[in-house]
Amino acid sequence: MGSPVEHARSGDGADAEGASVRQEDVAVFEASRDRLEAIAYRLLGSAVEAEDAVQETFLRWERADRNQVRVPEAWLTRVLTNLCLTQLTSARARREVYVGEWLPEPVLDGDPMLGPADTAEQRDSVSTAVLMLLERLTPPERAVYVLREAFAYPHAEIAELLGISEAASQQLLHRAKQRVATGRSRVQVDSATAREVVEEFLLAAMSGQTEPLVRLLTDDAMGVGDGGGRVPARGTPFVGAVTVARFLRGLFRPADSKRAFFDGRLDLYASTANGSPAVVAVAGGRLIGVMSLEVTDTGIASVLSQVNPDKLGRFARAWAESDHGDPVLVGW
């Protein structure tokens, strides 16, 4: 009878001359949209590129001879995954000329693009820190890791999706897991705990001293900022609790020049992004940055600041529609 992926291959890319999309075909696609976006986001680390990949998948679904597609979910997953693999190859070239450090786009917790979060593997696979580590992987390694760890696809089905053997899929997963392993144990936080973490972090950052921050950070803590050449951000990562603390002390130190830049109004909120506590900066009602804090069992291991406006669009839209409460710090 054949597997779902084998059935999905029939009609893959086939055009139905003059075919129109029936309402039920649109409904089939929409039923898979959230899952497709979640897969694409994990594969690409970009909400914008994930949305584009899903839209292209729909266009191919629109053109396909859908009467020959027996298992639409498998067909759509195969098309999307192959689109993302192609995108990853070109993305590597673009990131080589990217201005400054590249960070994934943050996604506000509760956004369906984050996908399933029932297991530790699923939650970790979408954390900002892990998405950064996934950049070390080859496109096939990344695809196997995402499909297996985050979506529990069996190796047999992954192998057919990617056109490889089951043994090769298992080996790719083994290599991928070795390359993203850090030995750190991330701490999962709820919204109340995240607010406490952010409040303590901001209190230390605004103290004007390095010692309170050093106590919150791990010895090998890392700070990374992504401005994409659009907004000033440190061009290289900084490592070590003292180094990171000194940078943050200066970043959060109030000054007339900063007040003038923000027109005298910068509100800092506590939130969660990609499963981690996050400081959300809003100036004049406009979201201008998201600082994610990776919390481990020994302290804050990384401070990852996304200020590139090109990478804040989806987060900003979700933020505007959410009940984010009052800022922790008002009118800095």
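Rules used in this analysis
- Residue numbers run consecutively from 1 along every chain, following the written order of its sequence.
- Side-chain atom pairs in this predicted model are given and counted only at pLDDT of 80 or more, local residue features only at pLDDT of at least 70, and totals for whole chains, interfaces and linings cover all residues.
- Side-chain numbers come from the whole structure's heavy atoms, not from hydrogens or water.
- UniProt positions are given in the numbering used here, feature names are shortened, and annotations may be inferred rather than shown by experiment.
- Only runs of H or I of at least four residues qualify as helices and only runs of E of at least two qualify as strands under DSSP, and these elements are numbered from the N terminus.
- Given a helix with a known number of residues, its expected span is that number minus one, times 1.5 Å.
- The buried label goes to any residue with under 20% of its type's maximum accessible area, the exposed label to any with over 50%, and the partly exposed label to all in between, with areas taken from a 1.4 Å probe on protein chains only.
- As used here, the arc belongs to the directions running from the helix axis to the C-beta atoms.
- Between two residues, a contact is recorded if the distance between any of their heavy atoms is within 4.5 Å.
- A pair is scored as a salt bridge if a Lys or Arg side-chain nitrogen falls within 4 Å of a carboxyl oxygen belonging to Asp or Glu.
- Pairing between two strands requires that DSSP report at least two bridges joining them.
- With axes taken as lines fitted to C-alpha atoms, and helix axes fitted only over the stretch in contact, angles between N-to-C directions fall between 0 and 180 degrees.
- Side-chain rings of Phe, Tyr and Trp, where Trp is taken by its six-membered ring, are said to pair if the distance between their centres is within 6.5 Å; with planes under 30 degrees apart they count as stacked, over 60 as edge-to-face, and otherwise as tilted.
- Per-residue confidence from the predictor is reported as pLDDT, a score between 0 and 100.

Novice: Looking at this structure, I do not really get the UniProt feature "domain: RNA polymerase sigma factor 70 region 4 type" (unreviewed entry) in the chain. What am I missing?
Specialist: Taking the UniProt record as the reference, the feature "domain: RNA polymerase sigma factor 70 region 4 type" (unreviewed entry) is found at residues 129-179. Structurally, residues 129-179 comprises 78% helix and 0% strand, and the distance from its first C-alpha atom to its last is 13 Å.

Novice: Please explain helix 10 (residues 191-205) as it appears in this structure.
Specialist: Given 3.6 residues to a turn, an α-helix orients residues that are three or four positions apart in the same direction. The end-to-end C-alpha distance of helix 10, which contains 15 residues, comes to 21 Å, matching closely the 21 Å that a straight helix rising 1.5 Å per residue would cover. If you check which residues of helix 10 are buried, you get Ala194, Val197, Val198, Phe201, Leu202, Ala204 and Ala205. An end-on view of helix 10 places all buried positions within 160° of arc, on one side of the element. Of the exposed residues in helix 10, those oriented more than 90 degrees away from the buried face are Glu196 and Leu203. Contacts from the buried residues of helix 10 go to helix 11 (211-216), helix 12 (241-252), strand 3 (266-273), strand 4 (276-283), strand 5 (286-296) and strand 6 (299-306).

Novice: Just checking my understanding: could you explain unusual backbone geometry for this structure?
Specialist: Peptide bonds are mostly trans, and most non-glycine residues show a negative phi. The phi torsion at Ala152 lies on the positive side, around 55°, for a residue other than glycine. Tracing the backbone through its elements, the reader meets Ala152 in the loop between helix 7 (139-150) and helix 8 (155-162). Overall, the relative accessible area of 54% leaves Ala152 in the exposed class. Backbone geometry places Asn274, a non-glycine residue, at a positive phi of 55°. Tracing the chain through its elements places Asn274 in the loop between strand 3 and strand 4. Taking the relative accessible area as the measure of exposure, Asn274 reaches 0% and is therefore buried.

Novice: Can you help me understand the pattern of salt bridges in this one?
Specialist: This model, assessed by the stated rule, comprises 18 salt bridges. Across the pair Glu56 and Arg60 runs a salt bridge, and its minimum N-O distance is 3.2 Å. Separated by four residues within a single helix, Glu56 and Arg60 lie in helix 3 (residues 47-63), roughly one turn from each other. Residue classification places Glu56 among the partly exposed residues on the basis of a relative accessible area of 26%. One connected set of salt bridges, linked through shared partners, spans Glu37, Glu51, Asp111, Arg314 and Arg317.

Novice: Please explain the pairing of strand 1 (residues 217-226) as it appears in this structure.
Specialist: Where a strand is regular, its side chains alternate between the two sheet faces. The buried fraction of strand 1 amounts to seven of the 10 residues, a majority that puts the element mostly inside the structure. Bridge count for strand 1 against strand 6 is six bridges, and the pairing is parallel. Across the sheet, residue Gly225 finds its bridge partner in strand 6, namely Ser305. Alignment of strand 1 against strand 2 (residues 238-239), held across two bridges, turns out to be antiparallel. Following the sheet pairing, Gly223 is matched in strand 2 by Phe238.

Novice: How should helix 9 (residues 166-180) be read in this particular structure?
Specialist: In this model helix 9 runs 21 Å from its N-terminal to its C-terminal C-alpha over 15 residues, within 8% of the 21 Å that 1.5 Å per residue would give. What helix 9 keeps buried is the set Ser169, Leu172, Leu173, Ala176 and Val180. The arc that holds the buried residues of helix 9, viewed along the axis, is 100°, so those residues lie on one side. Residues Ala167 and Gln178 are exposed on helix 9 and point more than 90 degrees away from its buried face. Contacts from the buried residues of helix 9 go to helix 6 (128-134), helix 7 and helix 8.

Novice: Before we go on, may I ask you to explain the sheet that holds strand 2 in this structure?
Specialist: Hydrogen bonding along the main chain pairs the strands of a sheet, whether they run parallel or antiparallel. If you walk across this open sheet you meet the six strands as 2-1-6-5-4-3, and the pairing is mixed. With one partner strand each, in any of the chains shown, strand 2 and strand 3 form the two edges of the open sheet. One ladder, built from seven bridges, connects strand 5 with strand 6; its direction is antiparallel. Bridge pairing links Val290 to Gln306 in strand 6. Docked against the sheet, helix 10 engages strand 3, strand 4, strand 5 and strand 6, running at close to 60° with respect to strand 4. Its contacts with the sheet place helix 14 (residues 313-321) against strand 3, strand 4 and strand 5, and it is angled at close to 95° to strand 5.

Novice: Explain the packing of aromatic side chains to me, please; I cannot follow it from the model alone.
Specialist: Two aromatic rings are characterised by how far apart their centres lie and by the angle between their planes. Throughout the structure, instances matching the rule amount to six aromatic pairs. Considering the side-chain rings of Phe315 and Trp319, the 6.3 Å spacing of their centres and the 20° angle between planes classify their relative orientation as stacked. With Phe315 and Trp319 both in helix 14 and four residues apart, this pair spans about one turn of that helix. Chaining the aromatic ring pairs together yields one cluster made of Tyr269, Phe315 and Trp319.

Novice: Help me understand the confidence of the model for the chain in this model?
Specialist: Detailed reading of predicted coordinates is not advised where the pLDDT is low. In the predicted model, the chain carries a mean pLDDT of 89, and 92% of its residues have values of at least 70. Of the regions scoring below 50 in pLDDT, residues 1-11 engages in 26 contacts with residues more than four places distant in sequence or in other chains. Counting interchain partners and residues more than four positions distant, the pLDDT-below-50 stretch residues 13-18 has eight contacts.

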